[in-house]
Amino acid sequence: MQLYGYWRSSAAYRVRIALNLKQLSYDNLPVHLIKNGGEQHSDRYKLLNPAELVPTLIDDGLTLNQSLAIIEYLDEVYPEPSLLPQEPAARALVRALALDIACDIHPLNNLRVLQYLTGPLALTETQKLQWITHWLSTGFAALEQRLQRTAGQFCVGDEVTLADLCLVPQVYNAQRFALDMSAYPTISSVHHHCQQLAAFALAAPEQQPDAQ
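Residue positions are given per chain, counted from 1 along the sequence in the order it is written. Selection of residues for local features in this predicted model requires a pLDDT of at least 70, selection of side-chain atom pairs for listing and counting requires 80 or more, and totals for whole chains, interfaces and linings are taken over all residues. As a rule here, side-chain values come from all non-hydrogen atoms in the structure, and water together with hydrogens is ignored.

Check the secondary structure of the protein and you find 9 helices and 4 strands. Helix and strand assignments come from DSSP, with helices taken as H or I runs of at least 4 residues and strands as E runs of at least 2, each series counted from the N terminus. When the helices and strands of the protein are listed from N to C terminus, the series reads β-α-β-α-β-β-α-α-α-α-α-α-α. Working definition: with a 1.4 Å probe on protein chains only, accessible area under 20% of the residue-type maximum means buried, over 50% means exposed, and in between means partly exposed. Buried positions account for 46% of the 212 residues belonging to the protein. In this analysis, two residues are considered to be in contact whenever any of their non-hydrogen atoms come within 4.5 Å of each other. The long-range fraction of contacts in the protein, counting pairs at least 24 apart against all pairs at least 6 apart in sequence, stands at 66%. Here the protein displays about 10300 Å² of accessible surface, and carbon together with sulfur accounts for 53% of that area. When charges are counted, Lys and Arg contribute as positive and Asp and Glu as negative, whereas His and the chain ends are disregarded. Working definition for charges: the position is that of NZ of Lys, CZ of Arg, CG of Asp or CD of Glu. Positive and negative side-chain charges of the protein, numbering 14 and 21 respectively, have mean locations separated by a distance of 6 Å. Using the Shrake-Rupley algorithm and a 1.4 Å probe, accessible areas are obtained, with residue cover drawn only from the displayed protein chains.

So this is what it looks like as structure tokens:
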């Protein structure tokens, strides 16, 4: 199994956590998103992923992009431990929380969006940071309310699910951009409990071989 990713990519971070939780061995193949104009734009990588994004997973001849699709594939092929509840309502709730983060929060602070803001749109670094913190705080405010109704130690009860795999990388981004987390005690509590697990700690950006 091969995982093409970048040490600070939130989407690749999610997949690394899943692989660690399932104790699956894999080759970690770095794609540097900044060096040489971005290695994701190389002809070689575009053959694997025409969207020029990470991660890309290769497993037994299957080439798959999109972190949530990759994680659900892993959950079906390597079912222990399960990352989705068996009960349909709880399963849908976990997916909704994961999508809140992966679709509504994360894309607005993704690298290619930020590069467009400071490139063609000529925003200053200060304006870029205002953009990031505005959308992070907007997304986290809604997420905090949802988690107040669903969380135990983790996003939904006391078992790790797909939602937690999305939450931890997004909190990493928030901390990186110095977002004040005091307004989000439930998010912070879930993040703390996740960080006590080796699967999360070993997936952290700074633990990756391409970390810089």
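Let us look at the sheet that holds strand S2 (residues 27–30). We treat two strands as partners when DSSP finds at least two bridges between them. An order of S2-S1-S3-S4 is seen for the 4 strands of this open sheet, with the pairing classed as mixed. What marks the edges here is a single partner per strand, and that holds for S2 and strand S4 (62–65). Ignoring strand direction, the axes of neighbouring strands in this sheet form an average angle of 20°. For strand S1 (residues 2–5) and strand S3 (residues 56–59), the ladder comprises 3 bridges, and the chain directions are antiparallel. Bridge assignment links Gln-2 to a residue of S3, and that residue is Ile-58. Every axis corresponds to a line fitted to the C-alpha atoms, with the helix fit spanning only the stretch in contact, and the corresponding angles, defined between N-to-C directions, vary from 0 to 180 degrees. Packing against the sheet, helix H1 (residues 10–21) makes contact with S1 and S2, and its axis sits at approximately 155° to S1. Lying over the sheet, helix H3 (residues 67–77) contacts S3 and S4, oriented at roughly 135° with respect to S4.

It is a general feature of regular strands that their side chains alternate between the two faces of the sheet. Bridge count for S1 against S2 is 4 bridges, and the pairing is parallel. Across the sheet, Tyr-4 pairs through a bridge with Leu-29, a residue of S2. At this point the chain moves from S1, through H1, to the parallel S2, and the crossover so formed is right-handed. Handedness rule for crossovers: strands pointing away from the viewer, path from the first strand over the helix to the second running clockwise, crossover right-handed.

Tracing the backbone through its elements, the reader meets Asp-75 in helix H3. Setting aside anything within four residues of it in sequence, one finds Asp-75 in contact with Lys-22, Pro-81, Ser-82, Leu-83 and Leu-84.

It is worth spelling out the nonpolar core at this point. Buried together is how nonpolar side chains tend to be arranged in soluble globular proteins. We call a set of buried residues a nonpolar core when its members are Ala, Val, Leu, Ile, Met, Phe, Trp, Tyr or Cys and they connect through side-chain atoms within 4.5 Å of each other. Membership of the largest hydrophobic core comes to 62 residues, with the highest contact counts inside it found for Leu-74, Phe-140, Leu-165, Leu-167 and Ile-187. The element that contributes the greatest number of residues to this core is helix H7 (residues 162–176), accounting for 9 residues. Ignoring sequence-local partners within four residues, the contact set of Ile-187 consists of Phe-140, Leu-143, Glu-144, Leu-147, Leu-167, Val-171 and Met-181.

Now for the environment of Ala-98. Tracing the sequence through the fold places Ala-98 in helix H4 (residues 88–105). It is 9.1 Å that separates the C-alpha atoms of Ala-98 and Thr-161, two residues lying 63 residues apart in sequence. When residues no more than four places from it in sequence are discounted, the contact partners of Ala-98 are Leu-162, Ala-163 and Cys-166.

Once that is clear, we can look at the packing of aromatic side chains. The way to describe two aromatic rings as a pair is by their centre distance and the angle between their planes. Between rings of Phe, Tyr and Trp, where Trp is taken as its six-membered ring, a pair exists when centres lie within 6.5 Å; planes separated by under 30 degrees are stacked, by over 60 edge-to-face, and by other angles tilted. Within the structure shown, the criterion is met by 5 aromatic pairs. For the pair Trp-131 and Trp-135, a centre-to-centre distance of 6.0 Å together with 70° between the ring planes defines the contact as edge-to-face. A residue pair is termed a helical-turn pair when its members lie 3 or 4 positions apart in one helix, as Trp-131 and Trp-135 do in helix H6 (residues 125–150) at 4 residues. A ring pair is formed by Phe-140 and Tyr-184, whose centres lie 5.5 Å apart and whose planes are at 85°; its orientation type is edge-to-face. Here Phe-140, found in helix H6, pairs with Tyr-184, found in the loop between H7 and helix H8 (185–195); they are 44 residues apart in sequence, far enough to count as distant.

Take the side chain of Asn-49 next. Position of Asn-49 relative to the elements: it lies in the loop between helix H2 (43–48) and S3. As used in this structure description, the phrase polar contact means that two N or O atoms lie within 3.5 Å; if the pair is within protein, one of them must be able to donate a hydrogen and the other to accept it, and residues adjacent in sequence are counted only when both atoms belong to side chains. Within the structure, Asn-49 has its side chain in polar contact with the backbone oxygen of Leu-53 (distance 2.9 Å). For Asn-49, the residues in contact, after removing those within four places along its chain, are Pro-55, Thr-56 and Asn-65.

A few words now on the packing of H6 against H7. Put simply, H6 and H7 touch, their axes get as near as 12 Å, and they point 140° apart. In terms of their interaxial angle, H6 and H7 are classed as oblique. In this structure, H6 crosses over H7, and the sense of that crossing is left-handed. For the pair H6 and H7, contact is made by Leu-136, Phe-140, Leu-143 and Leu-147 and by Leu-167, Gln-170, Val-171 and Ala-174, respectively. We call Asp, Glu, Lys and Arg charged. Ala, Val, Leu, Ile, Met, Phe, Trp, Tyr, Cys and Pro are nonpolar, and the rest, Gly among them, are polar. Each residue belonging to the contact of H6 with H7 can be placed in one class, and the counts come to 7 nonpolar, 1 polar and no charged. Every angle not falling under 35 degrees, over 145, or within 65 to 115 is termed oblique; those three ranges are roughly parallel, roughly antiparallel and roughly perpendicular. What makes a crossing left-handed is the near helix being turned counterclockwise from the far one by less than a right angle; a clockwise turn instead makes it right-handed.

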